[in-house]
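# Close look at the chain arrangement
Each chain, written out:
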Amino acid sequence: KFINYLAIFFAGFGFSGIMPLLVSSVGSFFPKGKEIIMTILFLMPTAGYMSAPYLTSYISQRSMFFSIAITIFFMGIVLVLVTIRMCYRRKALKK
């Protein structure tokens, strides 16, 4: 049982650097109008934090297979978005 808590701790510790990284990236990408982008950046995770537990329990009560399929789908979307960002970043660095 202790190993589960340890795994959760390290997963949270690994994800803790994402928000500061996003804030610094947004500040450098959008010098004009970055206040609005920063506001949106802080509101979207909050909306996700509030809605994710409800949606997870709602979907898993209906069908565990569908819950896992939705998770894989969203992981794929994140993979595509990260790949697009990496390609965009490489093109920006070459200029």
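Residues numbered from 1 in each chain as written. Predicted model: local features only at pLDDT ≥ 70, side-chain atom pairs only at ≥ 80, totals over all residues. Heavy atoms only, no water.

### Side note on the packing of aromatic side chains
In this description, an aromatic ring pair is defined by two values, namely the gap between the centres and the angle between the planes. Defined as follows: In this analysis, rings of Phe, Tyr and Trp, with Trp reduced to its six-membered ring, are considered paired at centre separations within 6.5 Å, and the interplanar angle assigns stacked below 30 degrees, edge-to-face beyond 60, and tilted for intermediate values. Helix and strand labels come from DSSP, where a helix needs a run of H or I of at least four residues and a strand needs a run of E of at least two; each type is numbered from the N terminus. Partly exposed describes any residue whose relative accessible area lies between the buried limit of under 20% and the exposed limit of over 50%, with all areas from a 1.4 Å probe on protein chains only and scaled to the type maximum.
Tallied over the full model, the rule gives three aromatic pairs. Here Phe9 and Phe10 contribute two aromatic rings whose centre-to-centre distance is 5.2 Å and whose plane-to-plane angle is 70°, an arrangement assigned as edge-to-face. A ring pair is formed by Tyr54 and Tyr58, whose centres lie 6.1 Å apart and whose planes are at 20°; its orientation type is stacked. With a gap of four residues between them, Tyr54 and Tyr58 both fall in helix H3 (residues 34-62), about one helical turn apart. Taking relative accessible area as the criterion, Tyr58 reaches 38% and is therefore assigned partly exposed.

### Quick look at the packing of helix H2 (residues 18-29) against H3
The cut-off we apply is this: Every axis corresponds to a line fitted to the C-alpha atoms, with the helix fit spanning only the stretch in contact, and the corresponding angles, defined between N-to-C directions, vary from 0 to 180 degrees. Roughly parallel here means an angle under 35 degrees, roughly antiparallel means over 145, roughly perpendicular means 65 to 115, and every remaining angle is called oblique. What makes a crossing left-handed is the near helix being turned counterclockwise from the far one by less than a right angle; a clockwise turn instead makes it right-handed. It only takes one pair of heavy atoms within 4.5 Å for two residues to be counted as in contact. Any residue outside Ala, Val, Leu, Ile, Met, Phe, Trp, Tyr, Cys, Pro, Asp, Glu, Lys and Arg is labelled polar, Gly included; the first ten of those are nonpolar and the last four are charged.
At their nearest, the axes of H2 and H3 sit 10 Å apart, and the two run at 160° to each other. Viewed along their axes, H2 and H3 adopt a mutual orientation that is roughly antiparallel. Crossing angle aside, the handedness with which H2 passes H3 is right-handed. Across the interface between the two elements, Met19, Leu22, Val23, Val26 and Gly27 from H2 touch Lys34, Ile37, Met38, Leu41, Phe42 and Pro45 from H3. When grouped by side-chain class, the residues that make up the contact of H2 with H3 number nine nonpolar, one polar and one charged.

### Section: H3
Definition in use: How far a helix is expected to stretch is found by multiplying one less than its residue total by 1.5 Å. What we call the bend at a residue is the angle made by axes fitted to the seven residues finishing there and the seven residues starting there.
Taking 1.5 Å of rise per residue, 29 residues should cover 42 Å, and H3 covers 41 Å from first to last C-alpha, within 8% of that figure. Maximal helix bending in H3 amounts to about 35°, located at Ser51; proline Pro53 follows within four positions. Residues of H3 that are buried include every one of Met38, Leu41 and Ile59, and no others. Looking at the buried residues of H3, the elements they touch are H2 and helix H4 (64-94).

### Some thoughts on a nonpolar patch on the surface
The condition is simple: Residues with no salt bridge and a relative accessible area higher than 30% make up the patches, which join like charges within 9 Å and nonpolar side chains (Val, Leu, Ile, Met, Phe, Trp, Tyr) within 5 Å. Each accessible area is a Shrake-Rupley result for a 1.4 Å probe, and residues are judged covered by the shown protein chains and nothing else. Salt bridges are identified by distance alone: a Lys or Arg side-chain nitrogen within 4 Å of an Asp or Glu carboxyl oxygen.
Taken together, the side chains of Phe73, Phe74, Ile77, Val80, Leu81 and Ile84 make up a nonpolar region of the molecular surface, amounting to roughly 590 Å² of accessible area. The topology assignment puts Leu81 in helix H4.

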